[in-house]
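Residues per chain are reported as follows:
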Amino acid sequence: MEKIDQIQKKRVAVIGYGGMGGWHTKYLLKSDVAELAGIWDIKEDRRALAAERGIFVYDSFDAVLADPTVDILTLAVPNELHMPMAVTAMEAGKNVISEKPVTMSSDDLSKMIDASVRTGKLFTTHQNRRWDCDYLMMKQVYASGMLGEVFGIESRVQGSRGIPGDWRGKKEHGGGMILDWGVHLIDQMLGIVYDRKVEKVYCRCDHITNYEVDDGFKLDLYFEKDLTARIEVGTSHFISLPRYYMTGENGSALIRDWTDDCRIVACKNWDEKNVVPVVTAAGLTKTMAPRDQETIAESSISRPESDVHDFYRNVCLAIDGKAEQIVTHAQLMRVMKIMEAAFRSDELGMPVVIDDEIC
Ligand code: NAD
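> I would appreciate a short explanation of the sheet that holds strand β5 (residues 123-125) in the present structure.
Paired through their backbone hydrogen bonds, the strands of a sheet run either parallel or antiparallel. With respect to topology, five strands assemble into an open sheet ordered β2-β1-β3-β4-β5, the strand pairing being parallel. Each end of this open sheet is capped by a strand with a single partner; those strands are β2 (34-40) and β5. Neighbour-to-neighbour, the strand axes of the sheet open up by a mean angle of 25°, direction not taken into account.

Shown next, in the form of structure tokens:
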């Protein structure tokens, strides 16, 4: 990232020292643009663990806010706490990174954005999966136009362990897979299809191991100009379908797994002479038979260089007014409105038309 040498190192306090708080502190301890001021967690055992690891532990959330050396608060607490803590922190003069999902409703998000505008403090969300290589490759394929007009994209993550038994299973804490993996995959899809609006959504939620919140879902986003994107998250799948699939009028692209390159098959000759039919019990099919190798061109895109720590670098530059923040308020609101439409669609059992300008 450009201009790193111009960044004034920022001091960051991490609120919540659980799984993700642990990730942030580890990163901040070796960051080139920020340093760890300390942590605050309501649980004594988490505070004790941090102290054991040599991390400074604040006495309270208020003590963090009162520390004039702290520039940024990173909120790594359960989802229902993001909005009140972010607003309080900005009012106290701190910049705020909220973990994803930014919050649980567009009304709450408006309060956070208003606080940022009112106080002039930076407010953003850790959409770290914008640095995932699978996403970056799909973004490249779409933007290149190499598949011709794209009409279908599928993005999936499927596990087999249900959802964790902690706050993620409870509605009041913002549990469920739409607010967990969904927010990442929707954000990615809107990053890939950068040039079209979403007109309609249809969503069906699963309740296989959890009845209170969704433990998986199938969400279809109907973009303008006839592009449909399927986003699917499952937690009871023992064989996983591919991570990403994209298809257009001239070719298809596939990423099978987290660590795979992107495979592309494009048509180079529509004039097929010798189609070998597939024999099925019901008869022969040429329509669905594989293409012969003479008519297609295979290529691949390798996983690009990507450094998720560019997120903090961007935040620090943006605080100093030297860069635009990468994860913007408008993007956060667009994803939030789509998640709200997905919940409504599941409730109604039918597609929901989106007429919001932002989507
Ligand atoms: P966790 O349960 O492991 O940790 C949450 C911590 O917050 C706990 O230690 C808990 O004691 C603490 N806490 C709860 N209430 C608090 C309060 N009022 N004040 C201070 N501390 C409090 O959860 P997690 O997996 O770390 O998730 C935290 C956040 O990070 C969630 O919003 C989650 O969605 C997000 N997350 C993001 C990613 C990502 O890839 N960006 C991955 C995992 C989690």
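> Would you explain unusual backbone geometry in this entry?
For residues besides glycine, phi is generally negative; the peptide bonds are generally trans as well. The peptide bond linking Lys-100 to Pro-101 adopts the cis configuration, its omega dihedral lying at -10°. A positive phi angle, close to 60°, is found at Asp-226, a residue other than glycine. Relative to the helices and strands, Asp-226 is located in the loop between β8 (216-223) and β9 (227-234). By relative accessible area, which is 68% here, Asp-226 ends up exposed.

> What is the right way to look at the sheet that holds strand β10 (residues 244-248) in this model?
Spatially, the nine strands line up as an open sheet ordered β15-β12-β11-β10-β6-β9-β8-β7-β16, and their pairing is mixed. Edge positions in the open sheet fall to β15 (296-301) and β16 (352-353), since each of these has one partner strand only. Where strand β6 (residues 150-158) and β9 come together, seven bridges link them in parallel fashion. Paired with Gln-158 across the two strands is Gly-234, which belongs to β9. In this fold helix α7 (residues 178-192) packs onto β6, β7 (198-206), β8, β9 and β10, with an angle of close to 155° to the strand it touches most, β9. The sheet strands contacting helix α9 (residues 329-348) are β7, β8 and β16, and the helix crosses β7 at an angle near 55°.

> I would appreciate a short explanation of the packing of aromatic side chains in the present structure.
Using the criterion set out here, one finds seven aromatic pairs in the structure. Here the guanidinium or amino end of Lys-200 rests over the ring plane of Tyr-222, the centre of that ring lying 4.9 Å away.

> Where do I start with the nonpolar core in this structure?
One recurring pattern in soluble globular proteins: nonpolar side chains tend to sit buried together. Ranked by size, the top nonpolar core spans 99 residues in total, and within it Leu-73, Ile-153, Leu-221 and Met-246 carry the most contacts. Per-domain counts for this core show at least three residues from each of domain 1 (4-126) and domain 2 (130-259 + 337-353). In this structure, Leu-221 is in contact with Met-189, Val-198, Lys-200, Val-201, Leu-227, Thr-228, Ala-229, Ile-231 and Ile-338, ignoring residues within four places of it in sequence.

> Explain the site of the ligand to me, please; I cannot follow it from the model alone.
With respect to spatial proximity, 25 residues lie near the ligand, and among them Met-20, Asp-41, Asn-79, Lys-100 and Arg-168 are the closest. Note that a nitrogen atom of the ligand is positioned 2.9 Å from one of the side-chain N or O atoms of Glu-99. A distance of 2.9 Å separates a nitrogen atom of the ligand from a polar side-chain atom of Asn-128. When isolated, the ligand has an accessible area of 840 Å², and the protein chains bury 85% of it. Broken down by secondary-structure element, the contributors of at least two residues to the shell around the ligand are α1 (19-29) and α4 (82-91). A per-class count over the shell around the ligand returns eleven nonpolar, eight polar and six charged.

> I'm lost on the domain arrangement of the protein chain in this one. Help?
The parts lose accessible area when they come together, and the size of an interface is often stated as this lost area. With domains assigned, the protein chain is organised as domain 1 (4-126) and domain 2 (130-259 + 337-353). Centre-to-centre separation of domain 1 and domain 2, based on C-alpha positions: 28 Å. Taken together, the contact between domain 1 and domain 2 spans nine residues of the former and eleven residues of the latter. Note on domain 1 versus domain 2: buried area summed over both sides is about 840 Å², and carbon and sulfur give 55% of it.

> How should I be thinking about the side chain of Thr-103 in this particular structure?
You can see Thr-103 is positioned in the loop between β4 (95-98) and α5 (106-119). With relative accessibility at 1%, the residue Thr-103 sits in the buried group. Setting aside its immediate chain neighbours within four residues, Thr-103 contacts Met-83, Asp-108, Leu-109, Met-112, Leu-179 and Met-336.

The rules we used
Residues numbered from 1 in each chain as written. Predicted model: local features only at pLDDT ≥ 70, side-chain atom pairs only at ≥ 80, totals over all residues. Heavy atoms only, no water. Pairing = 2+ DSSP bridges. Helix = DSSP H or I, 4+ residues; strand = E, 2+ residues; numbered from the N terminus. Axes fitted to C-alpha atoms, helices over the stretch in contact; angles between N-to-C directions. Buried < 20%, exposed > 50% of the residue type's maximum accessible area, 1.4 Å probe, protein only. Contact = heavy atoms within 4.5 Å. Phe/Tyr/Trp six-rings, centres within 6.5 Å; stacked < 30°, edge-to-face > 60°. Lys NZ or Arg CZ within 6 Å of the ring centre and 35° of its normal. Core = buried A, V, L, I, M, F, W, Y, C linked by side-chain atoms within 4.5 Å. Domains from an automatic or database assignment. Near = heavy atom within 4 Å. Polar contact = N/O pair within 3.5 Å; in protein donor to acceptor, adjacent residues only side chain to side chain. Areas by Shrake-Rupley, 256 points an atom, 1.4 Å probe, with all protein chains shown as cover. Nonpolar A, V, L, I, M, F, W, Y, C, P; charged D, E, K, R; others polar. Buried area = accessible area lost by both parts, 1.4 Å probe.

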